[in-house]
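# Chains, contacts and geometry: an overview
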Amino acid sequence: KAGVTQTPRYLIKTRGQQVTLSCSPISGHRSVSWYQQTPGQGLQFLFEYFSETQRNKGNFPGRFSGRQFSNSRSEMNVSTLELGDSALYLCASSRDTFDEQFFGPGTRLTVL
Amino acid sequence: AQKVTQAQTEISVVEKEDVTLDCVYETRDTTYYLFWYKQPPSGELVFLIRRNSFDEQNEISGRYSWNFQKSTSSFNFTITASQVVDSAVYFCALKTNAGKSTFGDGTTLTVKP
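Below is a summary of the structure that appears in this document. What you see is a predicted model, and the numbers here were worked out from it, not measured in a lab.

A count of helices and strands for chain B gives zero helices and 12 strands. In chain B, the succession of α and β elements from N to C terminus is β-β-β-β-β-β-β-β-β-β-β-β. Across its three principal directions, the C-alpha atoms of chain B cover 45 × 25 × 20 Å. Working note: accessible area of chain B is about 5,700 Å², and carbon and sulfur atoms make up 47% of it. Looking at chain B, you have 11 positive and 13 negative side-chain charges, and the mean spots of the two groups are 5 Å apart.

Rendered as structure tokens:
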């Protein structure tokens, strides 16, 4: 069974730009969650999508948004990038909200 | 508000020692789920265990065991006879009925040969 895949693996952007990250969950998993991981803040929950609907949202500004497609693939978008957005963005999939999550390798975003 | 505290930032042990990683959580919800994940060096987070708030049975899986105590809001993780391959960052996580996930800051475990 293929694991969670994330593309791209690395991204370098400049302040003010926007970025879109992609996540393909494990086949059959309908829940996709996004996290931001930084040395200072640890793992912070961004949002969760289930069957194309946002189910839960963390405490991030509106510049962070996401969506999920009918095949459960998900994208996350960050607009007007700031230096502080530099982080590892992790995607995790699960069958349902409270099941164990399977994490992807992450996208390393660097904002210059 | 919900919170997960992993007070031990770093632990270093010698191979074959037993080690316990502490996790204390806070939530007002009566229904919630607790998780442990392992993140090896330069690796992906890997699920270890899930517990719901109504199941206080301790669990053992090989060299790993978990002690869930609602009375002290703790969900501690013990590795028996540690091995070098156990070196990783270990995260405790809480998910309440509302569905929001909260992770602890992680404990970096180093097992020396």
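The next subject is the interface of chain B and chain A. In this complex, chain B contributes 17 residues to the contact, which on the side of chain A involves 18 residues. Each partner contributes to the roughly 1,600 Å² buried at the junction of chain B and chain A, and carbon and sulfur atoms together form 55% of this total. Between chain B and chain A we count one salt bridge in total. A salt bridge links A:Asp99 to B:Arg50, with the shortest nitrogen-to-oxygen separation between them at 3.3 Å. One can count seven residue pairs in polar contact (both at pLDDT 80 or more) joining chain B with chain A. Among the secondary structure elements, those contributing two or more residues to the side of chain B that touches chain A are β5 (32–39), β6 (46–52), β10 (88–96) and β11 (101–103) of chain B. Residues of the side of chain B that touches chain A, tallied by class, amount to eight nonpolar, five polar and four charged.

Looking now at the state of the cysteines. Residues and elements named next belong to chain A. Applying the stated criterion across every chain, the model contains two disulfides over all chains. At a sulfur-sulfur separation of 1.7 Å, the disulfide partner of Cys 23 is Cys 91. In this structure the cystine formed by Cys 23 and Cys 91 twists about its S-S bond by roughly -55°; its chirality is therefore left-handed. In this pair, Cys 23 sits in strand β3 (residues 19–24) while Cys 91 sits in strand β9 (residues 87–94), placing the two residues 68 residues apart along the sequence.

Once that is clear, we can look at the packing of aromatic side chains. Under the definition given, this model contains 20 aromatic pairs over all chains. Summarising the aromatic geometry, the rings of A:Phe103 and B:Phe103 are spaced 6.3 Å apart at their centres and angled 85° between planes, so their arrangement reads as edge-to-face. Linking A:Phe103 in strand β10 (residues 102–103) with B:Phe103 in strand β11, this pair reaches from one chain into another. The same class applies to A:Phe103 and to B:Phe103, which are both buried. Between the aromatic rings of B:Tyr37 and B:Phe47, the centroid separation amounts to 6.0 Å while the plane-to-plane angle is 70°, which identifies the pairing as edge-to-face. In this pair, B:Tyr37 sits in strand β5 while B:Phe47 sits in strand β6, placing the two residues 10 residues apart along the sequence. Taken together, A:Tyr35, A:Phe45, A:Phe103, B:Phe35, B:Tyr37, B:Phe47, B:Phe91 and B:Phe103 form an aromatic cluster joined through their ring pairs. Between A:Arg55 and the ring centre of A:Phe50, over which it is positioned, the NZ or CZ distance is 3.8 Å.

Turning to the environment of A:Tyr49, a few remarks are in order. Residue and element names in this part refer to chain A. Assignment of secondary structure puts Tyr 49 in strand β5 (residues 42–50). Look at Tyr 49 and you get buried, because its relative accessible area is 6%. In this structure, the C-alpha to C-alpha distance between Tyr 49 and Ser 93, residues 44 residues apart in sequence, is 9.5 Å. Side-chain polar atoms of Tyr 49 contact the side chain of Gln 54, separated by 3.0 Å.

Scoring rules and cut-offs
- Residues numbered from 1 in each chain as written.
- Chains lettered and ligands numbered in written order.
- Predicted model: local features only at pLDDT ≥ 70, side-chain atom pairs only at ≥ 80, totals over all residues.
- Heavy atoms only, no water.
- Helix = DSSP H or I, 4+ residues; strand = E, 2+ residues; numbered from the N terminus.
- Areas by Shrake-Rupley, 256 points an atom, 1.4 Å probe, with all protein chains shown as cover.
- Lys, Arg positive; Asp, Glu negative; His and termini not counted.
- Charge placed at Lys NZ, Arg CZ, Asp CG, Glu CD.
- Contact = heavy atoms within 4.5 Å.
- Buried area = accessible area lost by both parts, 1.4 Å probe.
- Salt bridge = Lys/Arg side-chain N within 4 Å of Asp/Glu carboxyl O.
- Polar contact = N/O pair within 3.5 Å; in protein donor to acceptor, adjacent residues only side chain to side chain.
- Nonpolar A, V, L, I, M, F, W, Y, C, P; charged D, E, K, R; others polar.
- Disulfide = S-S within 2.5 Å.
- Phe/Tyr/Trp six-rings, centres within 6.5 Å; stacked < 30°, edge-to-face > 60°.
- Buried < 20%, exposed > 50% of the residue type's maximum accessible area, 1.4 Å probe, protein only.
- Lys NZ or Arg CZ within 6 Å of the ring centre and 35° of its normal.

These figures capture arrangement, not role.
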